[in-house]
Amino acid sequence: RTQWRGVLREYADRLDVTDATPIVTLGEGGTPLLPADALSARTGAKVWVKFEGMNPTGSFKDRGMTMAVSKAIEHGAKAVICASTGNTSASAAAYAAHAGITAAVLVPEGKIAMGKLAQAIAHNAQLLQVQGNFDDCLDIARELAAQYPVHLVNSVNNDRIEGQKTAAFEVVEVLGDAPDFHFIPVGNAGNYTAYARGYAEDAARGVTTRRPRMFGFQAEGSAPIVRGEVVKNPDTIASAIRIGNPASWELALAAREETNGYFGAISDADILAAHRILSAEVGIFVEPASAISVAGLLERSAAGEIPRGSTVVLTVTGHGLKDPQWALRTADGGEVSPIVVPIDAAAIADVLGLTASP
Ligand code: F0G
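Calculation criteria
- Residues numbered from 1 in each chain as written.
- Predicted model: local features only at pLDDT ≥ 70, side-chain atom pairs only at ≥ 80, totals over all residues.
- Helix = DSSP H or I, 4+ residues; strand = E, 2+ residues; numbered from the N terminus.
- Rg over C-alpha atoms; globule rule 2.2 N^0.38 Å.
- Buried ≥ 20, exposed ≤ 12 C-beta atoms within 10 Å, placed from the backbone.
- Axes fitted to C-alpha atoms, helices over the stretch in contact; angles between N-to-C directions.
- Parallel < 35°, antiparallel > 145°, perpendicular 65-115°, else oblique.
- Left-handed = near helix turned anticlockwise from the far one by under 90°.
- Contact = placed C-beta atoms within 7 Å.
- Nonpolar A, V, L, I, M, F, W, Y, C, P; charged D, E, K, R; others polar.
- Core = buried A, V, L, I, M, F, W, Y, C linked by C-beta atoms within 7 Å.
- Domains from an automatic or database assignment.
- Pairing = 2+ DSSP bridges.
- Near = placed C-beta within 6 Å.

K.L.:
Looking at this model, I keep getting lost on the overall build of the protein chain. Mind explaining?
P.N.:
From N to C terminus, the protein chain includes 14 helices and ten strands. A compact globule built from 358 residues should have a C-alpha radius of gyration of about 21 Å, and the protein chain, at 21 Å, falls within 12% of that. Projected onto its principal axes, the C-alpha positions of the protein chain cover 70 × 50 × 45 Å. Counting every position in the protein chain, which comprises 358 residues, the buried fraction comes to 54%.

Following this line, the structure appears as structure tokens:
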């Protein structure tokens, strides 16, 4: 068996990749689509989880970044730039390092998870903490890319969306058709747009019989699409999707329209409850933003909107190790402190509630 070759080579026939494209890959894509029995039992649907934390830098961004960095180099770029809530910067930094070019990344000061900050620094990005929020960072990144020789690799760059659409192809290859519903976190709405495009292309190629209804979720404190207006000071513990003015807003509204989709808002408390269910009952560890897919499913299911037996796919976008602190919180917001025991098997058996075998 040969190894997975990354999304540009695996899907070369469905992407704008030619012999002139230098392929920069870290082996992204080919991520697991896992049945989630605990979620199926709770909802009566057949629930699958697309675990995008299994990409090389631990998030779905790698699918878009392989495309964006490869195309940037094809166009002669020596440096890329992005604004980020953390994952895009980690991914841009890794792909730029692999290609031997420079990455400049703008992140909101003090507002990105430690694991992501460490990744960008480890991969030798020029990381700048901007004294503003993500939306400020994106405005500046766009301005710099327009005026200086740096190539923008945020999802306003269509190459990013193109690379990310491959996740939908993978879902269809496993299920044999498109699901009835696809649940996904929404920040800039780039990934929502990318899946909708991937599924639309599969339907157009005749390999599926339907397009899934695209259900996207924002955190209550940063839900501009749900509210229908820009949120000036977005706030949520799900730092990855703390975005008040989504870049792909119009594209996402079009995709919702075309797929009879939905946008909903979820409280931070419900995000954390879903995070706990996913890690404790399904065995998948994600960062908080990713858990919103699970929270969204539970909310829509409770509202009676998900018919029994429906096939449902949830994208969970980023790995739990990027932002692990949330696992160490109790449901009421306290700190988990693991029990300390002496070096004594009998005492430990006692704490574990074990009785000696006869
Ligand atoms: N989940 C995670 C873990 C993310 O990092 C992001 C976006 C999203 C969901 C939302 O995806 O923006 O396409 O709607 N993170 C960007 C970043 C903004 O800079 O890493 P979207």
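Back to the text.
K.L.:
Looking at this structure, I do not really get the packing of helix H8 (residues 166-175) against helix H9 (residues 190-205). What am I missing?
P.N.:
A pair of packed helices is captured by two measures, namely the crossing angle of their axes and the spacing between those axes. One way to put it is that H8 packs onto H9 with a least axis distance of 7 Å and a crossing angle of 50 degrees. With respect to H9, the element H8 is oriented oblique. Here H8 runs over H9; the crossing is right-handed. For the pair formed by H8 and H9, the contact residues are Thr166, Ala167, Ala168, Phe169 and Val172 on the first element and Tyr195, Gly198, Tyr199 and Asp202 on the second. Here the residues of the contact of H8 with H9 are counted per class, giving six nonpolar, two polar and one charged.

K.L.:
Would you mind going over the nonpolar core with me for this structure?
P.N.:
Soluble globular proteins tend to pack their nonpolar side chains together in the buried interior. If you look at the biggest cluster of nonpolar residues, it comprises 102 residues, and the most contacted ones within it are Val69, Val80, Ala92 and Val105. Two domains each provide a minimum of three residues to this core, namely domain 1 (7-59 + 160-328) and domain 2 (61-157). With near-sequence residues (within four places) excluded, Val105 lies in contact with Cys82, Ser84, Ser89, Ala92, Ala93, Ala120, Ala125 and Leu127.

K.L.:
Hey, could you run me through the sheet that holds strand E3 (residues 79-83) in this one?
P.N.:
Remark on secondary structure: sheet strands pair via backbone hydrogen bonds, oriented parallel or antiparallel. The parallel open sheet is built from four strands, whose spatial order is E5-E4-E3-E6. Sheet topology places strand E5 (126-130) and strand E6 (151-152) at the edges, where each strand pairs with a single neighbour. Its contacts with the sheet put helix H6 (residues 134-147) on E3, strand E4 (102-108), E5 and E6, and the angle it makes with E3 is roughly 155 degrees.

K.L.:
Explain the site of the ligand here, please?
P.N.:
By nearness alone, 23 residues border the ligand, and Asn87, Gly187, Gly190, Thr317 and Gly318 come closest of all. Every element with two or more residues in the shell around the ligand is listed here: helix H4 (87-99), H9 and helix H13 (288-302). Ranked by residue count, the leading element in the shell around the ligand is H9, at three residues. For the shell around the ligand, the residue count by class is seven nonpolar, 14 polar and two charged. Shared between two domains, the shell around the ligand holds at least three residues of each, these being domain 1 (7-59 + 160-328) and domain 2 (61-157).

Read these as geometric descriptors, not functional statements.
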